[in-house]
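Read off the chains here:
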Amino acid sequence: MRVASRVLLVAFVVAALAQVLAQVLDLDVLYVVTKPLLMPLLLGFLLASAPLEGRLLRATAAALAWSWLGDLALMPEGDVWFLLGLLAFLLAHVCYLVGFATTYADGPLDRNKLLVVPYAAWFVLLLVVLGPDLGSMLLPVAVYGVVLCAMAALATGVNATTAVGAIIFVVSDSTLAATALTDRFAFDGDGAVVMLTYCLGQLLIVLGVLAASRPVSDRVPTAPPTS
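Residues numbered from 1 in each chain as written. Predicted model: local features only at pLDDT ≥ 70, side-chain atom pairs only at ≥ 80, totals over all residues. Heavy atoms only, no water.

- As named in an unreviewed UniProt entry, the chain is Lysoplasmalogenase, taken from Nocardioides taihuensis.
- The UniProt entry for the chain carries the following comment under Subcellular location (unreviewed entry): "Membrane". (UniProt positions renumbered as here; feature names shortened; annotations may be inferred.)

Notes on the UniProt feature "transmembrane region" (unreviewed entry) in the chain
Point 1. On the UniProt side, "transmembrane region" (unreviewed entry) is annotated at positions that read residues 32–49, 80–102, 114–131, 137–156 and 193–212 here.
Point 2. Between the first and last C-alpha atoms of residues 137–156 the distance is 29 Å; the span itself is 85% helix and 0% strand.
Point 3. Segment residues 193–212 splits into 100% helix and 0% strand. End C-alpha atoms: 28 Å apart. (Helix = DSSP H or I, 4+ residues; strand = E, 2+ residues; numbered from the N terminus.)

Points about the packing of helix H5 (residues 79–100) against helix H10 (residues 190–213)
Point 1. At a minimum axis separation of 13 Å, H5 and H10 run at an interaxial angle of 25 degrees. Judged by the angle between their axes, H5 and H10 are roughly parallel. The way H5 lies across H10 gives a crossing that is left-handed. Facing Phe89, Tyr96 and Phe100 of H5, the residues of H10 in contact are Tyr198, Gln202, Ile205 and Val209. (Axes fitted to C-alpha atoms, helices over the stretch in contact; angles between N-to-C directions. Parallel < 35°, antiparallel > 145°, perpendicular 65-115°, else oblique. Left-handed = near helix turned anticlockwise from the far one by under 90°. Contact = heavy atoms within 4.5 Å.)

As for the nonpolar core
Point 1. Within the largest apolar cluster, 60 residues are counted, with the highest numbers of intra-cluster contacts made by Phe12, Leu38, Leu42, Tyr96 and Phe100.
Point 2. Only helix H1 (3–25), helix H3 (38–49), helix H4 (55–73), H5, helix H7 (117–134), helix H8 (138–154), helix H9 (160–180) and H10 provide two or more residues apiece to this core.
Point 3. No other element matches H8, which puts 10 residues into this core.
Point 4. In this structure Phe12 touches Leu38, Met39, Leu41, Leu42, Cys199 and Leu203, once residues within four positions along its chain are discounted. (Core = buried A, V, L, I, M, F, W, Y, C linked by side-chain atoms within 4.5 Å. Buried < 20%, exposed > 50% of the residue type's maximum accessible area, 1.4 Å probe, protein only.)

Some words on the environment of Val13
Point 1. Turning to its location among the elements, Val13 is positioned in helix H1.
Point 2. With a relative accessible area of 34%, Val13 lands in the partly exposed category.
Point 3. Val13 sits 11 residues away from Val24 along the chain, and the two C-alpha atoms are 17 Å apart.

Brief notes about the pattern of salt bridges
Point 1. Applying the stated rule across the entire model yields two salt bridges.
Point 2. Across the pair Lys113 and Asp110 runs a salt bridge whose closest N-O atoms are separated by 3.5 Å.
Point 3. Judged by relative accessible area, which is 47%, Lys113 ranks as partly exposed.
Point 4. The class of Asp110 is partly exposed, set by a relative accessible area of 27%. (Salt bridge = Lys/Arg side-chain N within 4 Å of Asp/Glu carboxyl O.)

Observations regarding unusual backbone geometry
Point 1. Positive phi is not limited to glycine here, since Asp26 has a value of about 60 degrees.
Point 2. By the element assignment, Asp26 lies in the loop between H1 and helix H2 (28–34).
Point 3. Among the residues examined, Asp26 registers a relative accessible area of 60% and is labelled exposed.
Point 4. Of note in this structure, Asp106 is not a glycine but carries a positive phi near 65 degrees.
Point 5. Position of Asp106 relative to the elements: it lies in the loop between H5 and helix H6 (108–111).

As structure tokens, this is what we get:
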């Protein structure tokens, strides 16, 4: 790993931990300072680690950029800002979908369509549980949920690291929906849980994408010559 990549990765981890701490201790200044730094640092790590060659890497970079706009939109209070944040993250997941689709052929989901069942079941459960409280937000949340769960399902074709990261991202978005759109499931520290799972999920997705994008010669040791 290059020096610049290491520095940006460490900076992202520090900013992420500071953001979680700000959520736990209700430190507004630390929250405002660190949240806008998260995705630019992770995007910088991606760009410093590999050239943007191929649709998977380019789509991942675009997803991080849209995620950054989503982070900014969710910082102010208000329904309009929430909807803008929802739209930005929807576009981020569409970008991930476009990138992950390149690994679908002969991947786990292509070989076994039943793998989509847990993701579909989670989507249905989320709508059943939150539906009564969503009102006019039901349709936007339903559309978002379909794209989110499809993204996570397609992530299985990249590798295990990205697949786990996508699942953690689903947990983050689900926690945000359950605590921001209804009062029934709010709990102390919910913001910290959302940000911790969000940062971890995004990081694992990026690490998995980078691993999948390395040349095969860099990933598989060359067999020693036989005599």
